[in-house]
Amino acid sequence: MTEIQSHTVGGIRHKTVGYLGGKRLESPEIACDLLLARLLGCRHLEVALHNADVLSPPRVEAMRRAVKRLADGEPVQYILGETEFMGHRIKVDRRVLIPRPETEVLVSTVLACAELWKQPEVRVTDVGTGSGCIAVSIARERPQARLLALDISEEALELARENAAKLGVDGQIVFACAEMADVLEPETVDIVVSNPPYVRSFDWERLAPQVRDYEPRVALDGGKSGLDIIAAVAEDAMIALREGGGLFLEVGAGQAQEVASMLESCDYRDVAVIRDLAGCERIVSARRG
Ligand SMILES: C[S@@+](CC[C@H](N)C(=O)[O-])C[C@H]1O[C@@H](n2cnc3c(N)ncnc32)[C@H](O)[C@@H]1O
(Lines give C-alpha, C1' and ligand atoms only; values in the text may rest on other atoms or scores of the structure.)
Protein backbone atom coordinates (compact mmCIF):
# COMPACT_ATOMS: atom_id res chain seq x y z
CA MET A 1 0.00 0.00 0.00
CA THR A 2 1.20 3.52 -0.68
CA GLU A 3 2.16 5.52 2.44
CA ILE A 4 -0.72 7.24 4.15
CA GLN A 5 0.75 10.77 4.15
CA SER A 6 -1.72 12.60 6.29
CA HIS A 7 -2.53 11.20 9.70
CA THR A 8 -5.90 12.88 9.99
CA VAL A 9 -8.88 10.57 9.83
CA GLY A 10 -10.15 12.39 6.74
CA GLY A 11 -6.79 12.03 4.99
CA ILE A 12 -6.54 8.35 5.82
CA ARG A 13 -10.11 7.73 4.65
CA HIS A 14 -9.46 9.50 1.36
CA LYS A 15 -6.29 7.57 0.60
CA THR A 16 -7.60 4.21 1.82
CA VAL A 17 -10.81 4.35 -0.21
CA GLY A 18 -8.86 5.29 -3.34
CA TYR A 19 -6.37 2.49 -2.75
CA LEU A 20 -9.04 -0.16 -2.06
CA GLY A 21 -11.13 1.04 -5.01
CA GLY A 22 -8.20 0.08 -7.20
CA LYS A 23 -8.33 -3.41 -5.68
CA ARG A 24 -11.92 -3.77 -6.86
CA LEU A 25 -13.36 -4.25 -3.40
CA GLU A 26 -17.16 -4.23 -3.31
CA SER A 27 -17.72 -1.49 -0.68
CA PRO A 28 -14.37 0.15 0.08
CA GLU A 29 -15.99 3.09 1.92
CA ILE A 30 -17.87 0.84 4.34
CA ALA A 31 -14.87 -1.42 4.91
CA CYS A 32 -12.62 1.58 5.55
CA ASP A 33 -15.08 3.21 7.95
CA LEU A 34 -15.58 -0.06 9.85
CA LEU A 35 -11.82 -0.27 10.44
CA LEU A 36 -11.54 3.40 11.43
CA ALA A 37 -14.56 3.10 13.72
CA ARG A 38 -12.77 0.31 15.61
CA LEU A 39 -9.68 2.52 16.04
CA LEU A 40 -11.72 5.55 17.06
CA GLY A 41 -14.13 3.65 19.30
CA CYS A 42 -17.19 5.02 17.51
CA ARG A 43 -19.94 3.70 15.20
CA HIS A 44 -18.98 3.45 11.55
CA LEU A 45 -21.61 6.00 10.54
CA GLU A 46 -19.94 8.51 12.89
CA VAL A 47 -16.43 8.25 11.40
CA ALA A 48 -16.94 11.32 9.17
CA LEU A 49 -17.49 13.41 12.32
CA HIS A 50 -13.85 12.65 13.22
CA ASN A 51 -12.31 13.72 9.90
CA ALA A 52 -10.16 16.39 11.53
CA ASP A 53 -8.84 14.11 14.32
CA VAL A 54 -5.21 13.06 14.10
CA LEU A 55 -4.45 9.35 14.60
CA SER A 56 -1.43 8.39 16.71
CA PRO A 57 1.40 6.56 14.88
CA PRO A 58 0.50 3.14 16.44
CA ARG A 59 -3.07 3.56 15.20
CA VAL A 60 -1.91 4.57 11.75
CA GLU A 61 0.24 1.43 11.73
CA ALA A 62 -2.71 -0.72 12.89
CA MET A 63 -4.81 0.78 10.08
CA ARG A 64 -2.07 0.10 7.55
CA ARG A 65 -1.90 -3.59 8.57
CA ALA A 66 -5.69 -3.96 8.43
CA VAL A 67 -5.92 -2.28 5.01
CA LYS A 68 -3.22 -4.65 3.70
CA ARG A 69 -5.36 -7.64 4.82
CA LEU A 70 -8.43 -6.11 3.14
CA ALA A 71 -6.48 -5.49 -0.06
CA ASP A 72 -5.38 -9.15 0.00
CA GLY A 73 -9.07 -10.12 -0.05
CA GLU A 74 -9.80 -10.94 3.58
CA PRO A 75 -13.37 -10.05 4.61
CA VAL A 76 -13.53 -7.05 6.93
CA GLN A 77 -15.57 -9.05 9.45
CA TYR A 78 -12.70 -11.50 9.98
CA ILE A 79 -10.25 -8.62 10.38
CA LEU A 80 -12.48 -7.03 13.02
CA GLY A 81 -13.32 -10.42 14.58
CA GLU A 82 -17.01 -9.62 14.71
CA THR A 83 -20.11 -8.73 12.73
CA GLU A 84 -23.56 -7.44 13.49
CA PHE A 85 -26.51 -9.80 13.28
CA MET A 86 -30.06 -9.04 14.44
CA GLY A 87 -28.64 -6.09 16.39
CA HIS A 88 -26.12 -8.28 18.26
CA ARG A 89 -22.34 -8.28 18.02
CA ILE A 90 -21.38 -11.79 16.93
CA LYS A 91 -17.77 -12.95 17.12
CA VAL A 92 -16.52 -14.42 13.86
CA ASP A 93 -13.26 -15.81 12.58
CA ARG A 94 -12.19 -18.24 9.91
CA ARG A 95 -13.74 -21.16 11.81
CA VAL A 96 -17.23 -19.99 10.83
CA LEU A 97 -19.25 -18.53 7.99
CA ILE A 98 -19.84 -14.79 8.31
CA PRO A 99 -23.56 -14.35 9.05
CA ARG A 100 -25.39 -12.76 6.11
CA PRO A 101 -28.29 -10.26 6.08
CA GLU A 102 -30.54 -12.83 4.36
CA THR A 103 -30.22 -15.05 7.43
CA GLU A 104 -31.76 -12.25 9.47
CA VAL A 105 -34.86 -12.76 7.30
CA LEU A 106 -34.78 -16.46 8.25
CA VAL A 107 -34.67 -15.59 11.98
CA SER A 108 -37.38 -12.92 11.62
CA THR A 109 -39.60 -15.44 9.83
CA VAL A 110 -39.21 -17.93 12.68
CA LEU A 111 -39.91 -15.28 15.31
CA ALA A 112 -42.96 -13.98 13.43
CA CYS A 113 -44.71 -17.36 13.45
CA ALA A 114 -46.82 -16.54 16.54
CA GLU A 115 -48.61 -19.90 16.62
CA LEU A 116 -45.34 -21.67 17.32
CA TRP A 117 -44.47 -19.50 20.31
CA LYS A 118 -47.56 -20.00 22.46
CA GLN A 119 -46.24 -22.77 24.70
CA PRO A 120 -44.33 -22.03 27.93
CA GLU A 121 -41.38 -23.98 26.53
CA VAL A 122 -40.61 -24.16 22.82
CA ARG A 123 -37.99 -26.66 21.63
CA VAL A 124 -35.94 -25.43 18.70
CA THR A 125 -33.22 -27.26 16.76
CA ASP A 126 -30.73 -25.13 14.77
CA VAL A 127 -28.95 -27.36 12.25
CA GLY A 128 -25.53 -26.05 11.19
CA THR A 129 -25.26 -23.38 13.85
CA GLY A 130 -21.84 -22.03 12.75
CA SER A 131 -21.18 -18.87 14.78
CA GLY A 132 -24.42 -19.58 16.65
CA CYS A 133 -25.99 -16.41 15.21
CA ILE A 134 -29.42 -17.97 14.63
CA ALA A 135 -29.60 -19.80 17.95
CA VAL A 136 -28.44 -16.87 20.07
CA SER A 137 -30.74 -14.41 18.30
CA ILE A 138 -33.75 -16.65 18.87
CA ALA A 139 -32.75 -17.23 22.49
CA ARG A 140 -32.42 -13.48 23.11
CA GLU A 141 -35.86 -12.77 21.63
CA ARG A 142 -37.72 -15.75 23.09
CA PRO A 143 -36.95 -16.63 26.73
CA GLN A 144 -39.22 -19.68 26.37
CA ALA A 145 -36.97 -21.14 23.64
CA ARG A 146 -34.89 -24.20 24.55
CA LEU A 147 -32.41 -24.71 21.76
CA LEU A 148 -30.31 -27.56 20.49
CA ALA A 149 -27.62 -26.14 18.21
CA LEU A 150 -25.87 -28.68 15.99
CA ASP A 151 -22.79 -28.51 13.86
CA ILE A 152 -20.35 -31.07 12.50
CA SER A 153 -17.49 -28.59 13.01
CA GLU A 154 -16.15 -28.72 16.56
CA GLU A 155 -14.20 -25.54 15.77
CA ALA A 156 -17.38 -23.68 14.85
CA LEU A 157 -19.09 -24.91 18.01
CA GLU A 158 -16.30 -23.47 20.18
CA LEU A 159 -17.03 -20.04 18.77
CA ALA A 160 -20.81 -20.52 18.95
CA ARG A 161 -20.48 -21.35 22.66
CA GLU A 162 -18.47 -18.14 23.16
CA ASN A 163 -21.16 -16.10 21.43
CA ALA A 164 -23.91 -17.65 23.54
CA ALA A 165 -22.00 -16.91 26.75
CA LYS A 166 -21.15 -13.36 25.64
CA LEU A 167 -24.82 -12.64 24.93
CA GLY A 168 -25.98 -14.29 28.16
CA VAL A 169 -28.05 -17.07 26.59
CA ASP A 170 -25.80 -20.09 27.18
CA GLY A 171 -28.35 -21.40 29.69
CA GLN A 172 -30.93 -21.75 26.91
CA ILE A 173 -28.76 -23.53 24.34
CA VAL A 174 -27.22 -26.99 24.26
CA PHE A 175 -24.51 -27.33 21.63
CA ALA A 176 -23.65 -30.68 20.08
CA CYS A 177 -21.20 -31.83 17.46
CA ALA A 178 -23.63 -33.88 15.40
CA GLU A 179 -25.76 -34.14 12.31
CA MET A 180 -29.47 -34.05 12.89
CA ALA A 181 -29.81 -37.78 12.16
CA ASP A 182 -27.50 -38.51 15.14
CA VAL A 183 -29.77 -36.88 17.70
CA LEU A 184 -33.25 -37.63 16.36
CA GLU A 185 -36.03 -38.18 18.87
CA PRO A 186 -39.36 -38.57 17.12
CA GLU A 187 -41.93 -35.81 17.55
CA THR A 188 -40.07 -33.89 20.26
CA VAL A 189 -39.25 -30.64 18.49
CA ASP A 190 -41.43 -27.57 17.83
CA ILE A 191 -39.19 -25.75 15.36
CA VAL A 192 -36.32 -26.82 13.11
CA VAL A 193 -34.36 -23.94 11.60
CA SER A 194 -31.36 -24.24 9.33
CA ASN A 195 -29.12 -22.24 7.08
CA PRO A 196 -27.29 -25.24 5.65
CA PRO A 197 -24.49 -25.33 3.09
CA TYR A 198 -26.17 -25.02 -0.31
CA VAL A 199 -23.52 -24.20 -2.93
CA ARG A 200 -23.14 -26.90 -5.62
CA SER A 201 -19.69 -28.51 -5.35
CA PHE A 202 -19.28 -27.80 -9.05
CA ASP A 203 -19.67 -24.04 -8.42
CA TRP A 204 -16.98 -23.90 -5.74
CA GLU A 205 -14.26 -22.54 -8.00
CA ARG A 206 -16.62 -19.86 -9.28
CA LEU A 207 -17.29 -18.34 -5.86
CA ALA A 208 -15.87 -14.88 -5.14
CA PRO A 209 -12.29 -15.29 -3.86
CA GLN A 210 -13.25 -13.44 -0.66
CA VAL A 211 -15.64 -16.29 0.09
CA ARG A 212 -13.77 -19.25 -1.43
CA ASP A 213 -10.36 -18.42 0.02
CA TYR A 214 -11.48 -17.44 3.51
CA GLU A 215 -14.77 -19.04 4.59
CA PRO A 216 -14.90 -22.73 5.60
CA ARG A 217 -15.81 -25.03 2.73
CA VAL A 218 -17.84 -27.24 5.09
CA ALA A 219 -20.12 -24.24 5.67
CA LEU A 220 -20.84 -23.70 1.99
CA ASP A 221 -20.54 -26.90 -0.03
CA GLY A 222 -23.97 -28.52 -0.33
CA GLY A 223 -22.79 -31.48 -2.40
CA LYS A 224 -23.33 -32.31 -6.03
CA SER A 225 -26.81 -30.81 -6.36
CA GLY A 226 -26.30 -28.19 -3.64
CA LEU A 227 -29.36 -29.68 -1.98
CA ASP A 228 -27.82 -32.73 -0.27
CA ILE A 229 -27.91 -31.30 3.24
CA ILE A 230 -31.21 -29.48 2.75
CA ALA A 231 -32.81 -32.79 1.73
CA ALA A 232 -31.35 -34.60 4.74
CA VAL A 233 -32.56 -31.88 7.14
CA ALA A 234 -36.05 -31.95 5.60
CA GLU A 235 -36.28 -35.75 6.02
CA ASP A 236 -34.90 -35.73 9.56
CA ALA A 237 -37.11 -32.82 10.59
CA MET A 238 -40.18 -34.77 9.40
CA ILE A 239 -39.33 -37.30 12.13
CA ALA A 240 -38.17 -34.87 14.83
CA LEU A 241 -40.98 -32.33 14.58
CA ARG A 242 -44.21 -32.72 16.49
CA GLU A 243 -47.41 -32.49 14.46
CA GLY A 244 -47.82 -28.85 13.40
CA GLY A 245 -44.17 -28.06 14.15
CA GLY A 246 -42.38 -25.63 11.81
CA LEU A 247 -39.47 -26.14 9.44
CA PHE A 248 -37.59 -23.04 8.26
CA LEU A 249 -34.80 -23.35 5.69
CA GLU A 250 -32.56 -20.81 4.03
CA VAL A 251 -31.79 -21.82 0.44
CA GLY A 252 -29.58 -20.61 -2.39
CA ALA A 253 -30.73 -18.30 -5.19
CA GLY A 254 -32.81 -20.35 -7.62
CA GLN A 255 -33.33 -23.30 -5.24
CA ALA A 256 -36.54 -22.27 -3.46
CA GLN A 257 -39.09 -23.78 -5.85
CA GLU A 258 -37.29 -27.11 -6.01
CA VAL A 259 -37.02 -27.21 -2.22
CA ALA A 260 -40.70 -26.26 -1.88
CA SER A 261 -41.67 -29.17 -4.18
CA MET A 262 -39.40 -31.48 -2.20
CA LEU A 263 -41.15 -30.52 1.05
CA GLU A 264 -44.58 -31.02 -0.50
CA SER A 265 -43.57 -34.47 -1.67
CA CYS A 266 -42.33 -35.26 1.89
CA ASP A 267 -45.88 -34.52 3.15
CA TYR A 268 -45.18 -31.16 4.72
CA ARG A 269 -48.12 -28.74 4.58
CA ASP A 270 -48.42 -24.94 4.30
CA VAL A 271 -45.23 -24.75 2.26
CA ALA A 272 -44.30 -21.10 1.69
CA VAL A 273 -41.48 -19.25 -0.03
CA ILE A 274 -40.28 -15.92 1.39
CA ARG A 275 -38.08 -13.40 -0.37
CA ASP A 276 -35.05 -11.70 1.14
CA LEU A 277 -34.52 -7.93 1.12
CA ALA A 278 -32.98 -8.14 -2.36
CA GLY A 279 -36.20 -9.75 -3.65
CA CYS A 280 -34.62 -13.19 -4.06
CA GLU A 281 -36.64 -16.29 -3.03
CA ARG A 282 -34.56 -17.25 0.00
CA ILE A 283 -36.55 -18.90 2.79
CA VAL A 284 -38.76 -21.98 2.51
CA SER A 285 -41.02 -22.71 5.45
CA ALA A 286 -43.46 -25.51 6.09
CA ARG A 287 -45.41 -27.28 8.82
CA ARG A 288 -45.32 -30.94 9.65
CA GLY A 289 -48.70 -32.37 8.77
C1 LIG B 1 -24.07 -21.91 5.86
S2 LIG B 1 -23.26 -22.25 7.41
C3 LIG B 1 -24.44 -21.48 8.50
C4 LIG B 1 -23.85 -20.98 9.76
C5 LIG B 1 -24.82 -20.13 10.59
N6 LIG B 1 -25.99 -20.89 10.97
C7 LIG B 1 -25.25 -18.90 9.81
O8 LIG B 1 -26.41 -18.85 9.37
O9 LIG B 1 -24.44 -17.99 9.60
C10 LIG B 1 -23.59 -23.96 7.57
C11 LIG B 1 -23.06 -24.63 8.84
O12 LIG B 1 -23.47 -26.01 8.77
C13 LIG B 1 -22.43 -26.85 9.24
N14 LIG B 1 -22.68 -28.17 8.63
C15 LIG B 1 -22.29 -28.62 7.42
N16 LIG B 1 -22.80 -29.85 7.21
C17 LIG B 1 -23.54 -30.17 8.31
C18 LIG B 1 -24.33 -31.30 8.69
N19 LIG B 1 -24.45 -32.36 7.88
N20 LIG B 1 -24.95 -31.27 9.89
C21 LIG B 1 -24.81 -30.21 10.72
N22 LIG B 1 -24.09 -29.11 10.42
C23 LIG B 1 -23.47 -29.09 9.23
C24 LIG B 1 -21.16 -26.15 8.82
O25 LIG B 1 -20.07 -26.54 9.61
C26 LIG B 1 -21.54 -24.68 8.98
O27 LIG B 1 -21.18 -24.20 10.26
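Residues numbered from 1 in each chain as written. Predicted model: local features only at pLDDT ≥ 70, side-chain atom pairs only at ≥ 80, totals over all residues. Heavy atoms only, no water.

Comments concerning the overall build of the chain
Next up, step 1: Each helix and strand in the chain was counted, giving 10 helices and 9 strands.
Next up, step 2: A compact globule built from 289 residues would reach a C-alpha radius of gyration of about 19 Å, and the chain, at 21 Å, matches this within 12%.
Next up, step 3: Taken along its principal axes, the extent of the C-alpha atoms in the chain is 65 × 40 × 30 Å.
Next up, step 4: Burial analysis of the chain (289 residues in total) assigns 51% to the buried set.
Next up, step 5: Put simply, 65% of the contacts in the chain that link residues at least 6 apart link residues at least 24 apart.
Next up, step 6: Surface exposure of the chain reaches about 13,700 Å², of which carbon and sulfur atoms provide 50%.
Next up, step 7: Each charge class in the chain can be summarised by its mean position, and for the 34 positive and 45 negative side chains these summaries are 6 Å apart. (Helix = DSSP H or I, 4+ residues; strand = E, 2+ residues; numbered from the N terminus. Rg over C-alpha atoms; globule rule 2.2 N^0.38 Å. Buried < 20%, exposed > 50% of the residue type's maximum accessible area, 1.4 Å probe, protein only. Contact = heavy atoms within 4.5 Å. Areas by Shrake-Rupley, 256 points an atom, 1.4 Å probe, with all protein chains shown as cover. Lys, Arg positive; Asp, Glu negative; His and termini not counted. Charge placed at Lys NZ, Arg CZ, Asp CG, Glu CD.)

Examining helix α6 (residues 133-141)
Next up, step 1: Of all 9 residues that make up α6, 7 are buried, and the element is covered over most of its length.
Next up, step 2: Within the span of α6, buried status applies to Cys133, Ile134, Ala135, Val136, Ser137, Ile138 and Ala139.

Details of the environment of Arg24
Next up, step 1: Along the chain, Arg24 turns up in the loop between α1 (9-21) and α2 (28-40).
Next up, step 2: Note: C-alpha distance between Arg24 and Ala156 (132 residues apart in sequence) is 30 Å.

Notes on the domain arrangement of the chain
Next up, step 1: Along its sequence, the chain is organised into domain 1 (9-72) and domain 2 (94-288).
Next up, step 2: For domain 1 versus domain 2, the separation of C-alpha centres amounts to 34 Å. (Domains from an automatic or database assignment.)

So, the site of the ligand
Next up, step 1: As a structural note, the neighbourhood of the ligand is formed by 19 residues, with Gly128, Asp151, Glu179, Asn195 and Ala219 the closest of them.
Next up, step 2: Contact distances for the ligand include 2.8 Å between a nitrogen atom and a backbone N or O atom of Gly128.
Next up, step 3: At 2.6 Å from an oxygen atom of the ligand is found a side-chain nitrogen or oxygen belonging to Asp151.
Next up, step 4: Here the ligand, which alone exposes 600 Å², has 95% of that area covered by the protein.
Next up, step 5: Residues that form the shell around the ligand fall into these classes: 11 nonpolar, 6 polar and 2 charged. (Near = heavy atom within 4 Å. Polar contact = N/O pair within 3.5 Å; in protein donor to acceptor, adjacent residues only side chain to side chain. Nonpolar A, V, L, I, M, F, W, Y, C, P; charged D, E, K, R; others polar.)

Regarding the sheet that holds strand β8 (residues 268-275)
Next up, step 1: The strand order across the open sheet built from 7 strands is β5-β4-β3-β6-β7-β9-β8, with neighbouring strands paired in mixed fashion. Because the sheet does not close on itself, it has two edges, and the strands there are β5 (173-177) and β8. Strand-to-strand, the axes of this sheet are offset by a mean angle of 15 degrees, without reference to chain direction.
Next up, step 2: Across 6 bridges, strand β3 (residues 122-127) lies against strand β4 (residues 145-151) in parallel orientation. Note on β4: the bridge partner recorded for Val122 is Ala145. (Pairing = 2+ DSSP bridges. Axes fitted to C-alpha atoms, helices over the stretch in contact; angles between N-to-C directions.)

What about the pairing of strand β7 (residues 241-250)?
Next up, step 1: For β7, a buried count of 9 out of 10 residues is recorded, marking the element as mostly surrounded by other parts of the structure.
Next up, step 2: The pairing of β7 with strand β9 (residues 281-288) spans 5 bridges and is classified as antiparallel. When the sheet's bridge partners are listed, Leu249 is paired in β9 with Val284.

What about the side chain of Thr125?
Next up, step 1: When you line up the elements, Thr125 lands in strand β3.
Next up, step 2: With residues up to four places along the chain from it excluded, the contact list for Thr125 reads Leu148, Leu150, Val189, Ile191, Val192 and Val193.

Quick word on the environment of Arg123
Next up, step 1: With respect to the helices, strands and loops of the structure, Arg123 is situated in strand β3.
Next up, step 2: Take Arg123: its relative accessible area is 33%, and that puts it in the partly exposed class.
Next up, step 3: The sequence separation of Arg123 and Gln144 amounts to 21 residues, and the corresponding C-alpha distance is 8.5 Å.
Next up, step 4: Contacts of Arg123, omitting those with residues within four sequence positions, involve Arg146, Thr188, Val189, Asp190 and Ile191.

Remarks on unusual backbone geometry
Next up, step 1: Its identity is not glycine, yet Met86 carries a phi of approximately 50 degrees, on the positive side.
Next up, step 2: Tracing the backbone shows Met86 in the loop between β1 (82-85) and β2 (88-91).
Next up, step 3: With a phi close to 50 degrees, Asp270 is a non-glycine residue in the positive phi region.
Next up, step 4: Relative to the assigned elements, Asp270 resides in strand β8.

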